[in-house]
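Each chain, letter by letter, is given below.
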Amino acid sequence: MKFPWFKRIGIFFIPASAAGWIILLAGIVFAIYSFLDIDGRSHSVSDTLMNFVFMLLIIGAVYSLIAYLTSRIAKK
Amino acid sequence: MEKQNFEKKLTAMTKPEIHQLKHEDMLAHAIINAKDKSVVGWWWLSVPLFIIMMLLMKSFYMPGTSLITSIHELAGKEKYISLIFFLIAPLVLILVNILTIRKIYFLSGSPKSMNFLENVWFNVLIIVITVLILIIYSL
């Protein structure tokens, strides 16, 4: 596999290859799916937002871990 | 004639010069890696910090509740989430950041001054916040 898949800009890891874009898109699709799922079960806007932000942070944490591990350049 | 040529060759020969030391590369790589790690650390810390902030707001607006009781309630209800984000992730983050700081300290030549802290202050901050999260969880 050709690394790195991501490059870091500030606190975000930006895709630098096709594989990186696929992972980012998968994260976005999962975030949209969880928003719709949470919205369907919640009783108020604040309920939706609180649960969605929590889920978004978890997605961000997992995404950043994957991005960090795949953005390391192999030692020469 | 041959001797002169040999002398010329000798004077032309110089010591091999290394413009960039290997450990400088290693230090630069370690500092960049430490910054990348601290970004990942912040993302993982953001989850327990968000939960603590929500529970603090709950204790502020709902009489009869406190942060500690709410954390205990959460630990009972969401056993795995609380274990991962309040115990395992903080412990891993402390260990990783200590090892990173140690590596940078040794690569910088074990400086006596606190100047090297300029490169690792973010990692130190993560350790401090992580310890606070562990204390709140263990109360």
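Computed from a predicted model, the values in this text were never measured in an experiment.

Turning to the overall build of chain B, a few remarks are in order. Looking only at helices and strands, one finds five helices and zero strands in chain B. Secondary structure elements of chain B occur, N-terminal to C-terminal, as α-α-α-α-α. For chain B, the C-alpha radius of gyration of 26 Å lies well beyond 14 Å, the compact-globule estimate for 139 residues. In terms of principal-axis extent, the alpha carbons of chain B reach across some 100 × 30 × 20 Å. In chain B, which comprises 139 residues, the proportion classed as buried is 19%.

Now for the overall build of chain A. The helix and strand inventory of chain A stands at two helices and two strands. For chain A, the succession of helices and strands along the chain, N to C, is β-β-α-α. Taking 2.2 N^0.38 as the reference for a compact globule, 76 residues should give roughly 11 Å; the C-alpha atoms of chain A span a radius of gyration of 15 Å, well beyond that estimate. Across its three principal directions, the C-alpha atoms of chain A cover 55 × 20 × 15 Å. Counting across all 76 residues of chain A, residues that qualify as buried make up 20%. Taking as baseline every contact in chain A between residues at least 6 positions apart, the subset at least 24 positions apart corresponds to 50%.

Attention now goes to the pairing of strand E2 (residues 12-15) of chain A. All names here are of chain A. Here strand E1 (residues 6-9) pairs with E2 via four bridges, running antiparallel. Looking across to E2, one finds that Lys-7 is bridged to Ile-14. Between the antiparallel neighbours E1 and E2 lie two residues, among them Gly-10 with a positive phi of about 65°.

For the rest of this paragraph, the subject is the nonpolar core. Counting residues in hydrophobic clusters, the biggest one holds 24 residues, and the most contacted among them are A:Ala61, A:Ala67, B:Trp44 and B:Val47. Sorting the residues of this core by element identifies helix H2 (45-70) of chain A together with helix H2 (22-61), helix H4 (79-107) and helix H5 (117-138) of chain B as the ones contributing at least two each. The element that contributes the greatest number of residues to this core is H2(B), accounting for seven residues. In this view, B:Trp44 contacts A:Ala61, B:Ala89 and B:Leu93; residues no more than four positions away in its chain are not counted.

Moving on, we come to the packing of H4(B) against H5(B). Residues and elements named next belong to chain B. It is the contact of H4 with H5, at a shortest axis distance of 9 Å, that shows an interaxial angle of 155°. One element, H4, and the other, H5, form an angle in the roughly antiparallel class. Seen along the crossing, H4 lies across H5 with a hand that is left-handed. Contacts between H4 and H5 involve Phe-86, Leu-87, Pro-90, Leu-93, Ile-94, Asn-97, Ile-98, Thr-100, Ile-101 and Ile-104 from the former and Asn-119, Val-120, Asn-123, Ile-126, Ile-127, Thr-130, Ile-133, Leu-134 and Tyr-137 from the latter. In the contact of H4 with H5, the residues fall into 14 nonpolar, five polar and no charged.

On the side of chain A, twelve residues touch chain B, which itself brings ten residues to the contact. Taken together, the residues of the side of chain B that touches chain A break down into eight nonpolar, one polar and one charged.

Turning next to the confidence of the model for chain B. Per-residue confidence for chain B gives a mean pLDDT of 85, with 93% of residues at or over 70. ipTM for the predicted complex: 0.85, alongside a pTM of 0.80.

An ideal rise of 1.5 Å per residue puts 38 Å on 26 residues; H2(A) measures up with 36 Å between its terminal C-alpha atoms. Buried residues of H2(A): A:Leu57, A:Ile58, A:Gly60, A:Ala61, A:Tyr63, A:Ser64, A:Ala67 and A:Tyr68, and no others.

We now examine the confidence of the model for chain A. Detailed reading of the predicted coordinates is not advisable wherever pLDDT falls low. Overall, the prediction assigns chain A a mean pLDDT of 88, with 92% of residues at 70 or greater. In the model of chain A, E1(A) stands out as the element of lowest mean pLDDT, 87, in contrast to helix H1 (residues 18-41) of chain A, which has the highest, 93.

This next bit is on the environment of A:Ser17. Residues and elements named next belong to chain A. Note on placement: Ser-17 falls in the loop between E2 and H1. Taking the number of C-beta atoms within 10 Å as the measure of exposure, Ser-17 has 17 and is therefore partly exposed. Sequence separation of Ser-17 and Phe-52 is 35 residues, and the distance between their C-alpha atoms is 28 Å.

Definitions and cut-offs
- Residues numbered from 1 in each chain as written.
- Chains lettered and ligands numbered in written order.
- Predicted model: local features only at pLDDT ≥ 70, side-chain atom pairs only at ≥ 80, totals over all residues.
- Helix = DSSP H or I, 4+ residues; strand = E, 2+ residues; numbered from the N terminus.
- Rg over C-alpha atoms; globule rule 2.2 N^0.38 Å.
- Buried ≥ 20, exposed ≤ 12 C-beta atoms within 10 Å, placed from the backbone.
- Contact = placed C-beta atoms within 7 Å.
- Pairing = 2+ DSSP bridges.
- Core = buried A, V, L, I, M, F, W, Y, C linked by C-beta atoms within 7 Å.
- Axes fitted to C-alpha atoms, helices over the stretch in contact; angles between N-to-C directions.
- Parallel < 35°, antiparallel > 145°, perpendicular 65-115°, else oblique.
- Left-handed = near helix turned anticlockwise from the far one by under 90°.
- Nonpolar A, V, L, I, M, F, W, Y, C, P; charged D, E, K, R; others polar.
- pLDDT = per-residue confidence, 0-100.
- Expected span 1.5 Å × (residues − 1).

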